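Close look at the chain arrangement
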Amino acid sequence: MISRSAYLSAEERREVTVETVIDLAAEQNPTDITTGAIAKRMGVTQGALFRHFPSKDAILQAVMEWVSERLLARIDKATSAAVSPLDALEAVFTAHIEFISEHPGVPRMLFGELQRAEQTVAKRMAHTLIQRYGERLGRLVAEGKERGELAATLDDKAAVTLFIGTIQGLVMQSLIAGDVKRIRASAPGAFALYRRAVEAAR
């Protein structure tokens, strides 16, 4: 039987490779994923895989690029529909949680890259993603303070750190439980606590 992957264009093959790595990361330690395992899951040879990626590191770079583009695009879409900065923060939180629920291998890939001792391109891309994400949150927090929705004395950087940390905490708890998708159930209560912490006194 010939794999469907055999009929894909070069760009489609690259995308399927990235999605395969993310799927595998949801099932095992990302550092243990081999090019052989990726090729096997796709139903192709390793030689076919290396026609599109010169190395495993190149595959990991493509994964980080895929995650960055899609997560930030989803966040930008969520904020564009929000009517206020505080609502935008909640929309970002919800969009991020949904993204993780749909792609449970993503946080494991990010954590894996950030924990690597060597400064790889993929690790730098993960750092850049977090920086760009934080900048977006920082703008929302500043705007919320200007509009009087968020406490005037709020530490902007601390508010951003707490926001990201809340999501990371939910991810860690779901990983410990062995079910990343349960994060959806815990998210509303966690954001409600965050909202009370940063909201201006009424």
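Above this text sits the structure in question.
So, here's what we can say about the structure. No experiment lies behind these values; they were computed from the predicted model shown.

Here we come to the overall build of the chain. On a plain count of helices and strands, the chain comes out with 9 helices and 0 strands. When the elements of the chain are put in sequence order from the N terminus, they spell out α-α-α-α-α-α-α-α-α. Here the C-alpha coordinates of the chain stretch approximately 65 × 35 × 30 Å along the principal axes. By the burial criterion, 45% of the 202 residues in the chain qualify as buried. Expressed as a percentage of contacts within the chain between residues at least 6 apart in sequence, the contacts between residues at least 24 apart total 68%. By element, 53% of the accessible surface of the chain is carried by carbon and sulfur atoms, the whole surface being about 10600 Å². Taking the 26 positively charged and 25 negatively charged side chains of the chain as two groups, their mean positions are separated by 3 Å.

Remark: helix α1 (residues 10–25) packs on helix α2 (residues 35–42), axes separated minimally by 10 Å, with the N-to-C direction vectors making an angle of 110°. The angle between α1 and α2 falls in the class roughly perpendicular. Crossing angle aside, the handedness with which α1 passes α2 is right-handed. Residues R13, V16, T17, T20, V21, D23 and L24 of α1 touch α2, and the partners they reach there are A37, I38, R41 and M42. By residue class, the composition of the contact of α1 with α2 is 6 nonpolar, 2 polar and 3 charged.

As a further point, take the packing of helix α4 (residues 56–80) against helix α5 (residues 85–102). Where α4 contacts α5, the two axes come as close as 8 Å, and the packing angle between them is 145°. α5 is crossed by α4, and the crossing has right-handed handedness. Here α4 contributes W66, V67, R70, L71, R74, I75, A78 and T79 to the contact with α5, which in turn contributes A88, A91, V92, A95, H96, E98, F99 and E102. Along the lines of polarity and charge, the residues of the contact of α4 with α5 split into 10 nonpolar, 2 polar and 4 charged.

Evaluated as defined, the whole model comprises 5 aromatic pairs. With 6.3 Å between their ring centres and 35° between their planes, W66 and F99 make a pair best called tilted. Residue W66 is found in helix α4, and its partner F99 is found in helix α5; the two are separated by 33 residues along the sequence. Comparing W66 with F99 shows no difference in burial state: the two are buried.

On to the pattern of salt bridges, then. Considering all chains together, one arrives at 13 salt bridges under this definition. The partner of E102 in a salt bridge is R74, with the nearest N and O atoms 3.0 Å apart. With E102 in helix α5 and R74 in helix α4, this pair connects stretches of sequence that are 28 residues apart. Taking relative accessible area as the criterion, R74 reaches 28% and is therefore assigned partly exposed. Taking the shortest distance from any N to any O, the salt bridge between R136 and D76 comes out at 2.8 Å.

Rules used throughout
- Residues numbered from 1 in each chain as written.
- Predicted model: local features only at pLDDT ≥ 70, side-chain atom pairs only at ≥ 80, totals over all residues.
- Heavy atoms only, no water.
- Helix = DSSP H or I, 4+ residues; strand = E, 2+ residues; numbered from the N terminus.
- Buried < 20%, exposed > 50% of the residue type's maximum accessible area, 1.4 Å probe, protein only.
- Contact = heavy atoms within 4.5 Å.
- Areas by Shrake-Rupley, 256 points an atom, 1.4 Å probe, with all protein chains shown as cover.
- Lys, Arg positive; Asp, Glu negative; His and termini not counted.
- Charge placed at Lys NZ, Arg CZ, Asp CG, Glu CD.
- Axes fitted to C-alpha atoms, helices over the stretch in contact; angles between N-to-C directions.
- Parallel < 35°, antiparallel > 145°, perpendicular 65-115°, else oblique.
- Left-handed = near helix turned anticlockwise from the far one by under 90°.
- Nonpolar A, V, L, I, M, F, W, Y, C, P; charged D, E, K, R; others polar.
- Phe/Tyr/Trp six-rings, centres within 6.5 Å; stacked < 30°, edge-to-face > 60°.
- Salt bridge = Lys/Arg side-chain N within 4 Å of Asp/Glu carboxyl O.

By themselves, these observations are geometric and do not establish any function.
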